[in-house]
Amino acid sequence: MMKIQNTTHKRQQGIALVLFAIGMVVIIGIAGLVLDLGRLMLDDARLQNALDACALSGAQVLMEASGNASAKMSDAEAAAKDTFSRNLESGWTLTPVVRFSDTLKQDPFTSTTSPRYVQCEVDNHSISTTLARIFGLKQMGLNVTAVAGPAFIDDCDFVPMVVC
């Protein structure tokens, strides 16, 4: 009887090491995915801030500029791209696409004869992953858009913390 227990015990030796190795690969992969997703969210916030500044700058120049629509759009686009590059994270080399529209309901934005709204967009900004490559995920992408234009508030009682 003693011989049978010893043989069974010897067959099971080493299984703990295999399970530990598989578990460590899974834990490192999940930790890497969490770190890469955190970096993606941080880059998304930074890019969104730069695009918000881009759209606001373009809309301000568009409203204040004088001349024909083509000159206004040209000045607004130059101001928007300049603001974007000044607010962009150092080391990034991105250029936004700047579009104009006379209404917010126009999709996609196209240049018009009486532009009122500015859209700044960065499409397919890819970020290389680090530890998430264990799961075969080599790159993650961002598509970020910001729109700005005039704000008209008519017949509105101004109450703090309430949107009219």
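The rules behind the values
Residues numbered from 1 in each chain as written. Predicted model: local features only at pLDDT ≥ 70, side-chain atom pairs only at ≥ 80, totals over all residues. Heavy atoms only, no water. Helix = DSSP H or I, 4+ residues; strand = E, 2+ residues; numbered from the N terminus. Expected span 1.5 Å × (residues − 1). Buried < 20%, exposed > 50% of the residue type's maximum accessible area, 1.4 Å probe, protein only. Arc of directions from axis to C-beta. Contact = heavy atoms within 4.5 Å. Salt bridge = Lys/Arg side-chain N within 4 Å of Asp/Glu carboxyl O. Core = buried A, V, L, I, M, F, W, Y, C linked by side-chain atoms within 4.5 Å. Pairing = 2+ DSSP bridges. Axes fitted to C-alpha atoms, helices over the stretch in contact; angles between N-to-C directions. Disulfide = S-S within 2.5 Å.

What follows concerns helix H3 (residues 69–87). Here H3 is 19 residues long and its end C-alpha atoms lie 27 Å apart, about the 27 Å a rise of 1.5 Å per residue gives. Of all the positions in H3, only Ala69, Met73, Ala76, Ala79, Ala80, Thr83 and Phe84 are classed as buried. End-on, the buried residues of H3 take up no more than an arc of 135°, which puts them together on one face. Along its buried surface, H3 packs onto helix H2 (15–64), strand S1 (97–101) and strand S2 (117–128).

Okay, the pattern of salt bridges next. Under the defined criterion, the tally for this structure stands at three salt bridges. Two residues, Glu77 and Lys81, come together in a salt bridge whose shortest N-O distance is 3.2 Å. A residue pair is termed a helical-turn pair when its members lie 3 or 4 positions apart in one helix, as Glu77 and Lys81 do in helix H3 at four residues. Exposure remark for Glu77: the relative accessible area of 27% places this residue in the partly exposed category. The partner of Asp82 in a salt bridge is Arg86, and the shortest N-O contact between them spans 3.1 Å. Of this pair, Asp82 and Arg86 are both found in helix H3, four residues apart, which corresponds to roughly one turn of the helix.

Take the nonpolar core next. Ranked by internal contacts, the top residues of the largest apolar core, which has 25 residues, are Leu47, Leu51, Phe84, Val98, Phe100, Val118 and Cys120. Only H2, H3, S1, S2 and strand S3 (139–148) provide two or more residues apiece to this core. With eight residues, the top contributor of residues to this core is H2. For Cys120, the residues in contact, after removing those within four places along its chain, are Leu51, Cys54, Ala55, Ala80, Val97, Val98, Val144, Thr145 and Ala146.

Pairing within the open sheet is antiparallel, and its three strands lie in the order S1-S2-S3. At either margin of the open sheet sits one strand with a lone partner, and together these are S1 and S3. Across this sheet, the average inter-strand angle for adjacent strands is 20°, counted without regard to direction. Across the sheet, H2 touches S1, S2 and S3, and the angle it forms with S3 is around 25°. The strands touched by H3 are S1 and S2; relative to S1, the strand with the most contacts, the crossing angle is about 140°.

A few words on the state of the cysteines. Chemically, a disulfide is nothing more than a covalent bond linking the sulfur atoms of two cysteines. This model, assessed by the stated rule, comprises one disulfide. Each disulfide pairs two cysteine sulfurs, and for Cys54 the partner residue is Cys120, the sulfurs being separated by 2.3 Å. Given an S-S torsion of about -75°, the disulfide between Cys54 and Cys120 has left-handed geometry. Here Cys120 lies in strand S2 and Cys54 lies in helix H2, a separation of 66 residues in the sequence. The same class applies to Cys54 and to Cys120, which are both buried.

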